[in-house]
Amino acid sequence: MQDLIREYGGALITVVAILALIAVISVLIGSDEGSVVGQAFSGLISHFFESATGAGASVTPSALP
């Protein structure tokens with residue numbers, strides 16, 4: 001077991017780090033509106049249009065849901 005860790009330890013650590021990075025990115029970004037980044041972006045766009053409309057601008061976000 002020590003020989004295995006001695007020879008392949010660096011490669012195993014690299015593989016685990018890459019898999020962990022992929023997992024964190026997929027959780028944060030995600031692929032739907034339930035993700036952290038998706039919700040933040042949606043809230044940012046909604047707040048922008050509310051502020052623009054409140055300031056007297058005629059904004060019609062026809063492309064937004």
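What you are looking at is a predicted structure, and each value in this text was computed from that prediction instead of being measured.

An account of the packing of aromatic side chains is needed here, citing residue identities and associated values.
Under the defined criterion, the tally for this structure stands at one aromatic pair. On the basis of an interplanar angle of 65 degrees and a centroid distance of 5.5 Å, the ring pair of F48 and F49 is categorised as edge-to-face. Of the residues examined, F48 reaches a relative accessible area of 51% and is grouped as exposed. On the accessibility criterion, F49 (23% relative accessible area) is partly exposed.

Any details on helix α1 (residues 2–29)? Residues and values, ideally.
For α1, spanning 28 residues, the distance from its first C-alpha to its last is 38 Å, which sits close to the expected 40 Å at 1.5 Å a residue. Taken as a whole, α1 carries its principal kink of about 65 degrees at Y8.

Let's hear about the pattern of salt bridges: which residues, and what values?
Applying the stated criterion to the full structure yields one salt bridge. One salt bridge in this structure joins D3 and R6, with 3.3 Å as the shortest N-O distance. Separated by three residues within a single helix, D3 and R6 lie in helix α1, roughly one turn from each other.

Please set out a nonpolar patch on the surface residue by residue, giving values where relevant.
Together, L21, V24, I25, L28, I29, V36 and V37 line one region of the surface with nonpolar side chains, adding up to about 610 Å² of accessible area. Taken together, the elements giving at least two residues each to the nonpolar patch come down to α1 and α2 (36–54). Ranked by the residues each element gives to the nonpolar patch, the list is headed by α1, at five residues. Note that L28 resides in helix α1. For L28, a relative accessible area of 40% gives the class partly exposed.

Basis of the calculations
Residues numbered from 1 in each chain as written. Predicted model: local features only at pLDDT ≥ 70, side-chain atom pairs only at ≥ 80, totals over all residues. Heavy atoms only, no water. Phe/Tyr/Trp six-rings, centres within 6.5 Å; stacked < 30°, edge-to-face > 60°. Buried < 20%, exposed > 50% of the residue type's maximum accessible area, 1.4 Å probe, protein only. Helix = DSSP H or I, 4+ residues; strand = E, 2+ residues; numbered from the N terminus. Expected span 1.5 Å × (residues − 1). Bend = angle between axes of the 7 residues up to and from the residue. Salt bridge = Lys/Arg side-chain N within 4 Å of Asp/Glu carboxyl O. Patch = residues over 30% accessible without salt bridge, like charges linked within 9 Å, V, L, I, M, F, W, Y side chains within 5 Å. Areas by Shrake-Rupley, 256 points an atom, 1.4 Å probe, with all protein chains shown as cover.

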